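The chain contents come next:
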Amino acid sequence: MMQLKKYTDYGLRILMYLGTKEGVDERSSDAAKGKLTTIKAICETFDLSSNHVNKVVHHLGRLQLIETRRGKNGGFFLAKAPNEIRLDYVIRQLEGDEPWIECHNPYCVALPACELKGIVARGKELFYDYLHEFTLADLLKKRGQLQQIFSTAS
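Caption draft 1: Region of interest: the nonpolar core. With 32 residues, the main nonpolar core has I14, L15, V53, L60, I66 and F76 as its most contacted residues. Of all elements in the fold, only α1 (6-19), α3 (39-46), α4 (50-62), β2 (75-78), α5 (87-95), α6 (116-131) and α8 (143-153) reach the threshold of two or more residues within this core. When residues in this core are grouped by element, the largest group, 7 residues, is from α1. The residues touching I66, leaving out its near neighbours within four places in the chain, are L15, L18, V57, L60, G61, F76, F77, L78 and A79.

Have a look at this one:
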């Protein structure tokens, strides 16, 4: 069964949560105050460990998908509009781009005549090509309902 890593799942959840915050399309630092989220809020909403969330938030920051503010009233928020965040990019970055089939560790004796690696590699690219059609905005079509769910979950 092909399955995304929990790390990627958490990253997508965090982006969805941030996408439901008010004023996500505004760019001024004053606007950021109203949409700041904390690690604690994410952990409480999704019942996740702060250690895992910290790692994912740090990675999303390195990808310039979120901006962070340090200090007493710090937190983080989306650095881009939801319609600018492509799902294929997010998933590829969080999953890492390793091959889905590993033929060399341990070495597979079928390798010289095997077609599996090529077929699976093509399937992987088709998967990412399909995801390229969608953005974070597509995950937020029911934004009001998501806001309600997130506010009652914490």
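Caption draft 2: Local environment of the confidence of the model for the chain. With 90% of its residues at a pLDDT of 70 or more, the chain has an overall mean of 90. Note that pLDDT drops below 50 for residues 24-30; the model gives that stretch 14 contacts with residues more than four away or on any other chain.

Caption draft 3: Just the packing of aromatic side chains, in detail. Tallied over the entire structure, the rule returns 6 aromatic pairs. Aromatic pair F46 and F150: ring centres 5.3 Å apart, planes at 70°, arrangement edge-to-face. Of this pair, F46 sits in helix α3 while F150 sits in helix α8, placing them 104 residues apart in sequence. Of the two residues examined, F46 and F150, each falls in the buried class. Counting every residue linked through ring pairs, the aromatic cluster contains Y17, F46 and F150. The ring of Y128 is capped by R92, whose NZ or CZ atom sits 3.9 Å from the centre of that ring.

Caption draft 4: Up close: a nonpolar patch on the surface. Taken together, the side chains of M2, L4 and W100 make up a nonpolar region of the molecular surface, amounting to roughly 260 Å² of accessible area. Residue classification places M2 among the partly exposed residues on the basis of a relative accessible area of 45%.

Cut-offs and rules
Residues numbered from 1 in each chain as written. Predicted model: local features only at pLDDT ≥ 70, side-chain atom pairs only at ≥ 80, totals over all residues. Heavy atoms only, no water. Core = buried A, V, L, I, M, F, W, Y, C linked by side-chain atoms within 4.5 Å. Buried < 20%, exposed > 50% of the residue type's maximum accessible area, 1.4 Å probe, protein only. Helix = DSSP H or I, 4+ residues; strand = E, 2+ residues; numbered from the N terminus. Contact = heavy atoms within 4.5 Å. pLDDT = per-residue confidence, 0-100. Phe/Tyr/Trp six-rings, centres within 6.5 Å; stacked < 30°, edge-to-face > 60°. Lys NZ or Arg CZ within 6 Å of the ring centre and 35° of its normal. Patch = residues over 30% accessible without salt bridge, like charges linked within 9 Å, V, L, I, M, F, W, Y side chains within 5 Å. Areas by Shrake-Rupley, 256 points an atom, 1.4 Å probe, with all protein chains shown as cover. Salt bridge = Lys/Arg side-chain N within 4 Å of Asp/Glu carboxyl O.

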